[in-house]
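Chain and residue survey
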Amino acid sequence: MTLADLAQRLRGEAIGPQDYVVEGVGTLEAPEEGRLCVVWERALLERMAPSVPLVAPVGWLDGGRFGVEVGDPRTLFPDVLALFREKVSFPAGIDPRAVVSPGARVDEGAYVGPLCVVEEGAVVEEGAVLEALVYVGRGSVVGRRTHVEPQVSFYRGTIVGDDVLVHGGTVVGSDGFGFVVDFDGGHRKIPQTGAVRIGDDVEIGACVTIDRGTVGDTVIGDGTKIDDHVHVGHNAKVGPRCVIVAQTGLSGSCVLEEGVAMAARSGVRDHVRVGARAQVAALGGVIRDVAPGAVVSGFPARDHREHLREEAALSKLPELLRRVRHLEARLAALEGEGTE
Amino acid sequence: MTLADLAQRLRGEAIGPQDYVVEGVGTLEAPEEGRLCVVWERALLERMAPSVPLVAPVGWLDGGRFGVEVGDPRTLFPDVLALFREKVSFPAGIDPRAVVSPGARVDEGAYVGPLCVVEEGAVVEEGAVLEALVYVGRGSVVGRRTHVEPQVSFYRGTIVGDDVLVHGGTVVGSDGFGFVVDFDGGHRKIPQTGAVRIGDDVEIGACVTIDRGTVGDTVIGDGTKIDDHVHVGHNAKVGPRCVIVAQTGLSGSCVLEEGVAMAARSGVRDHVRVGARAQVAALGGVIRDVAPGAVVSGFPARDHREHLREEAALSKLPELLRRVRHLEARLAALEGEGTE
Amino acid sequence: MTLADLAQRLRGEAIGPQDYVVEGVGTLEAPEEGRLCVVWERALLERMAPSVPLVAPVGWLDGGRFGVEVGDPRTLFPDVLALFREKVSFPAGIDPRAVVSPGARVDEGAYVGPLCVVEEGAVVEEGAVLEALVYVGRGSVVGRRTHVEPQVSFYRGTIVGDDVLVHGGTVVGSDGFGFVVDFDGGHRKIPQTGAVRIGDDVEIGACVTIDRGTVGDTVIGDGTKIDDHVHVGHNAKVGPRCVIVAQTGLSGSCVLEEGVAMAARSGVRDHVRVGARAQVAALGGVIRDVAPGAVVSGFPARDHREHLREEAALSKLPELLRRVRHLEARLAALEGEGTE
């Protein structure tokens, strides 16, 4: 692809040799000739050798630099990558080594890979791709153009929307963790009779667990993105467009309203509500409702600035102990004077 | 099922129209006519429209409310759910697409689903169910009526008791994490020669890892319930009737005595013992032995009330810093007076 | 195996009956006759009944004790275990129930187990073992003598070195977690076009996730050992000979230099560098670069001794509050005197 082609596709302007051939996208750590780097920070631009083709903001390509100038390189970064990505296509049809129940319905425009199992009453919609070794339980639905990577399980009754991407090793619909303590200290299982419903345009990482509801469903809203190793407990309601980073845990019956961001290894206690567009910092543990738009951190999670003040004070604590000891001695001396 | 039938099964008393038909169990968030709600808190009862059938404590169904009165609704909640749950039954026999070694023994009353692998010397006992894509290694035993969900692995020599439920993506018997540091800074593997033994009536969540012992076995005691994403290290001994909530980690050779409760994302250091019926709060990290019956929290885990006092004091720390600064100024002023 | 045989193999000296038969290795918790215990601590030695055969340091086997004396029992522990371990061998060849693309290359000295899937362009080198239900994506390479346990997925383009061991349920090459926030608050996926490269002599635990790079690769260096439930984000560079204990999380583009040790459930923020041979304590959360050789703990991770001082001070905080209140009262009294 030439610089001129690229400029056209990105609706930008080619600066430099129009017929320069770009072979791919380069890394910022090891830029190479022929490989495009996308920059949106001045400091990064300075580090780039002039021989590296760039996508950069309007007016940045001077002093011998060349490439394509665009309005907002950051927003175009996905598009640049998409231009050079290796496309993998899947044929429509059912691989002969898949095990598909006669009572399942697989759209003729869907692909079911080798060694998948699709149970009675399940539906695989048009354009859906099940790669190898995927399990789709009874009555589950895999939506249109939804892509399921190897070794994923959807337990019975899981409903997955359109344009969803689910990564390997993920389990959707396992039982919620619910027991009644018996008189003898044993634990009797509460049957988990609900299911899991996943909206459209959701991405779910690898080794994620989403438990089915006890009564009623666990719900993942449209456009929500879930990273690897996240746990979602029974009956949680995760609003549309949430972002949930790796190793986070959402307990049973918690609610994440629209656009909530949970940073890495954060968590929410059961039955707690996190308001729209609130942000929970990494390792933050929410145990009380969080107001819409709030930024919280720490455990128990509290206002982020307040938490930072406490952390700063904590680092002064050993010195504070010494100061108080000193005060006590001085005060005792003064008091001694008074009684003389 | 009519109210009268229901009362008989729950050994309670039907209040209201005896032939009212109950179709299922409803959610407390969105109660519906025809769907039973089980309540054991007054506040919940008040919120219920009179048109919703209830299971409630004796004497609570008045003022137009109807349903079944029972002694202890909470304890009966599992039974109520079980009455309406969709029953899935599995035929006895081996699916023709399963791969079962001629040297394995599968009881004729067991079910081995499609694309399972059962290795040489393994035993699948009567009434056991292996759903699809389950791996049972050499010499492993799957006990009576034990139910194994899709995509589970039992490495060689794993012994699983009766009436156990294991959820998808779980790995039992992987190597413990043990290395000897060599002179050159490299790490030489310590062979992991033990196995994993799981008692009766155990439940294990999705994406759980239980490592085999280095020498001797890792043991999960009868009646223990383990949630998703829990890690159990080599040679851990988890006593009977423990409850271990999601994302918890048990290090190598730790001991949990009978009835220990580990809340979400808690942990225990290697070789540490947690006494019978002790409770570790969410995110608590145990690094020293815990006395039986103790309640601990924080990291390092300490007495829960003490930890709460520290947390409360911490929130006053920024203010405390100001107060000490003020004290210092006032004291300096007094000392100045004294020297005048 | 007799004591004399054992001494020869361990290059030590047999003390006691040379033809005593050793049947295996015993546990330190429940030592038995006939089963060897390896001891390198005096306290452990004292606890051992004289009837138990031992491997111990030179000069320790007196007072009726017997076994083999060696220079450094700890270093020999892996060798002792290896002598008695049950060897499992795999035949060369492709199981007829495996699904191997005609465009893949499986060395004739490799083993591909039942229900594995090996895609177009993949390579399985000499001596490699894929146990059952393993997925090897397009163009992936599994190195010589590398052993892959059941239910592992290598996404397309994953390169795995020689003598690697990968445990069950692990996913290598899933997409990194990268999105661009759109004007409407939605999240547009950044295509993940890199791959994962794993060096030689690496061990990877069960249910581990290693994401592919966005541009360029995620790299796991030679001799690195990774425990269960670890997450490695896109473009992370994990240097040779690192040790990463269970439930740890490495964020995107972080760098671990040579020989870094990450204790259980620790973590590193994205784009942060941890210097060679640095150690991060359990639950430590690194958010700034760590110097080579440093020992850090806490969140945010800081010098370990400093952190311990803060923790110690924290436990005195409730008492400190009381002391300050007392100081204030005494000072007010003094000030009152002054104004009298």
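Notes on the structure in this doc start here. Since this is a predicted model, take the numbers as computed values, not measurements. (Residues numbered from 1 in each chain as written. Chains lettered and ligands numbered in written order. Predicted model: local features only at pLDDT ≥ 70, side-chain atom pairs only at ≥ 80, totals over all residues. Heavy atoms only, no water.)

**Focus on the sheet that holds strand β27 (residues 231-232) of chain C**
Residue and element names in this part refer to chain C. With parallel pairing, ten strands are arranged side by side in an open sheet as β7-β10-β13-β16-β19-β24-β27-β30-β33-β36. Edge positions in the sheet fall to β7 (99-100) and β36 (285-286), since each of these pairs with one other strand and no more. With two bridges joining them, strand β16 (residues 153-154) and strand β19 (residues 171-174) adopt parallel strand pairing. Looking at the pairing, Ser153 lines up with Val171 of β19. (Pairing = 2+ DSSP bridges. Helix = DSSP H or I, 4+ residues; strand = E, 2+ residues; numbered from the N terminus.)

**A few points about the side chain of Thr170 of chain B**
Residues and elements named next belong to chain B. As for its placement among the helices and strands, Thr170 is situated in the loop between β18 (165-166) and β19 (171-174). At a separation of 3.4 Å, a polar atom in the side chain of Thr170 contacts the main-chain carbonyl oxygen of His167. Looking at Thr170, its side chain comes within polar contact range of the main-chain oxygen of Gly205, at 2.6 Å. Ignoring any residue separated from it by four or fewer positions in sequence, one finds Thr170 in contact with Gln151, Val152, Ser153, Ile204, Gly205, Ala206, Cys207 and Val208. (Polar contact = N/O pair within 3.5 Å; in protein donor to acceptor, adjacent residues only side chain to side chain. Contact = heavy atoms within 4.5 Å.)

**Examining the interface of chain B and chain C**
In this assembly, 62 residues from chain B lie in contact with 60 residues from chain C. Where chain B meets chain C, there are four salt bridges. Between Glu335 of chain C and Arg330 of chain B there is a salt bridge, and its shortest N-O distance comes to 2.9 Å. Where chain B packs against chain C, one counts 20 residue pairs in polar contact (both at pLDDT 80 or more). Elements that contribute at least two residues to the side of chain B that touches chain C include exactly β19, β20 (179-181), β21 (187-189), β24 (209-211), α4 (304-315) and α5 (317-339) of chain B. Here the side of chain B that touches chain C gets eight residues from one element, more than from any other, and that element is α5 of chain B. Residues that form the side of chain B that touches chain C fall into these classes: 29 nonpolar, 18 polar and 15 charged. (Salt bridge = Lys/Arg side-chain N within 4 Å of Asp/Glu carboxyl O. Nonpolar A, V, L, I, M, F, W, Y, C, P; charged D, E, K, R; others polar.)

**Describing helix α4 (residues 304-315) of chain C**
All names here are of chain C. Look at α4: 17 Å from first C-alpha to last across twelve residues, which is about the 16 Å you get at 1.5 Å a residue. For α4, the full list of buried residues reads His307, Glu310, Ala313 and Leu314. The buried residues of α4 occupy one face: seen down the axis, they fall within an arc of 120°. Facing away from the buried side of α4 by more than 90 degrees, the exposed set consists of Arg305 and Arg309. Sitting at the head of α4, Asp303 places a side-chain oxygen 3.2 Å from the backbone nitrogen of Arg305. (Expected span 1.5 Å × (residues − 1). Buried < 20%, exposed > 50% of the residue type's maximum accessible area, 1.4 Å probe, protein only. Arc of directions from axis to C-beta.)

**As for the interface of chain B and chain A**
Facing the 60 residues of chain B at the interface are 62 residues of chain A. For the pair chain B and chain A, the two sides together bury roughly 4900 Å², of which 67% comes from carbon and sulfur. Taken together, the links from chain B to chain A amount to 20 residue pairs in polar contact (both at pLDDT 80 or more). In terms of residue count, α5 of chain B provides more of the side of chain B that touches chain A than any other element does, twelve residues in total. Taken together, the residues that form the side of chain B that touches chain A break down as 31 nonpolar, twelve polar and 17 charged. (Buried area = accessible area lost by both parts, 1.4 Å probe.)

**Side note on the sheet that holds strand β34 (residues 273-274) of chain A**
Residue and element names in this part refer to chain A. The sheet built from nine strands is open, its strands ordered β8-β11-β14-β17-β22-β25-β28-β31-β34 with parallel pairing. The open sheet has two edge strands, β8 (105-106) and β34, and neither has a second partner. Of the pairings in the sheet, the one linking β8 to strand β11 (residues 123-124) comprises two bridges and is parallel in character. Residue pairing across strands places Val106 opposite Val124, the latter belonging to β11.

**A short note on the relation of the copies chain B and chain A**
Superposing chain B onto chain A takes a rotation of 120° combined with a translation of 0.0 Å along the rotation axis, leaving an RMSD of 0.1 Å. Such a combination of turn and shift is consistent with a three-fold rotation axis. (Least-squares fit on C-alpha atoms with pLDDT ≥ 70 in both.)

**Remarks on a positive patch on the surface**
Side chains of Arg309 and Lys316 of chain A together with Arg322 and Arg325 of chain B sit close together on the surface and give a patch of like positive charge. Along the chain, Arg309 of chain A falls in helix α4 (residues 304-315). (Patch = residues over 30% accessible without salt bridge, like charges linked within 9 Å, V, L, I, M, F, W, Y side chains within 5 Å. Areas by Shrake-Rupley, 256 points an atom, 1.4 Å probe, with all protein chains shown as cover. Lys, Arg positive; Asp, Glu negative; His and termini not counted. Charge placed at Lys NZ, Arg CZ, Asp CG, Glu CD.)

**Quick look at helix α1 (residues 3-10) of chain A**
All names here are of chain A. All buried positions along α1 are accounted for by Leu3, Leu6, Ala7 and Leu10. Relative to the axis of α1, the buried residues are bounded by an arc of 100° and lie together on one face. Along α1, the residues that are exposed and aim more than 90 degrees away from the buried face are Gln8 and Arg9. As for α1, its buried residues are in contact with β1 (13-15), β3 (35-38), β4 (54-57), β5 (67-70) and α3 (73-84). Once α1 finishes, Arg11 follows within two positions and takes phi at roughly 50°, a positive value.

**Some points on the environment of Val129 of chain C**
Residues and elements named next belong to chain C. For Val129, the position within the fold is in strand β12 (residues 129-130). Judged by its relative accessible area of 11%, Val129 falls in the buried class. In sequence terms Val129 and Gly63 are 66 residues apart; their C-alpha atoms lie 48 Å from each other. Excluding residues that lie within four positions of it along the chain, Val129 makes contacts with Phe90, Tyr111, Thr146, His147 and Val148.

**Here we look at the pattern of salt bridges**
This model, assessed by the stated rule, comprises 57 salt bridges over all chains. With a shortest N-O distance of 2.9 Å, Arg302 of chain B and Glu310 of chain B are connected by a salt bridge. For the pair formed by Arg302 of chain B and Glu310 of chain B, the shared burial category is buried. Note that Lys189 of chain C is salt-bridged to Asp175 of chain C, the shortest N-O span being 2.9 Å. Here Lys189 of chain C, found in strand β21 (residues 187-189), pairs with Asp175 of chain C, found in the loop between β19 and β20 (179-181); they are 14 residues apart in sequence, far enough to count as distant. The structure contains a network of salt bridges with shared partners spanning Asp79 of chain A together with Asp182 and Arg188 of chain C.

**As for the environment of Ala4 of chain A**
All names here are of chain A. Considering the arrangement of structural elements, one finds Ala4 in helix α1. Once the C-alpha coordinates of Ala4 and Gln18 are considered, the two residues, 14 residues apart in sequence, prove to be 4.9 Å apart. Those residues within four positions of Ala4 in sequence are excluded, and the remaining contacts are Ala14 and Gln18.

**Topic: the state of the cysteines**
What is meant by a disulfide is a covalent connection between two cysteines, made through their sulfur atoms. The full count for this structure, using the stated rule, is zero disulfides over all chains. In this structure Cys207 of chain C is not part of a disulfide, and its nearest cysteine sulfur, from Cys207 of chain B, lies 4.9 Å away. (Disulfide = S-S within 2.5 Å.)

**Thoughts on the packing of α1 of chain A against α3 of chain A**
Residue and element names in this part refer to chain A. Contact geometry of α1 with α3 gives a least axis separation of 11 Å together with a crossing angle of 130°. If you check the angle between α1 and α3, you find them oblique. Every pair of crossing elements has a handedness; the one defined by α1 and α3 is right-handed. Within the contact between the two elements, α1 uses Leu6, Arg9 and Leu10 and α3 uses Leu76, Asp79, Val80, Leu83 and Phe84. Considering only residue class, the contact of α1 with α3 consists of six nonpolar, no polar and two charged. (Axes fitted to C-alpha atoms, helices over the stretch in contact; angles between N-to-C directions. Parallel < 35°, antiparallel > 145°, perpendicular 65-115°, else oblique. Left-handed = near helix turned anticlockwise from the far one by under 90°.)

**Here's the deal with the pairing of strand β4 (residues 54-57) of chain C**
Along any regular strand the residues' side chains alternate between the sheet's two faces. Residue and element names in this part refer to chain C. Of the pairings in the sheet, the one linking strand β3 (residues 35-38) to β4 comprises two bridges and is parallel in character. Residue pairing across strands places Cys37 opposite Leu54, the latter belonging to β4. Each parallel crossover has a hand, and the one from β3 via helix α2 (residues 42-47) to β4 is right-handed. (Right-handed = clockwise from strand over helix to strand, strands pointing away.)

**Description of the packing of aromatic side chains**
Summed over all chains, the structure comprises twelve aromatic pairs over all chains. The ring of Trp60 of chain A has Arg42 of chain A lying over it, and the distance from NZ or CZ to the ring centre is 4.4 Å. Across from the ring centre of Phe90 of chain A, 6.0 Å away, lies the NZ or CZ of Arg138 of chain C, which sits over that ring. (Phe/Tyr/Trp six-rings, centres within 6.5 Å; stacked < 30°, edge-to-face > 60°. Lys NZ or Arg CZ within 6 Å of the ring centre and 35° of its normal.)

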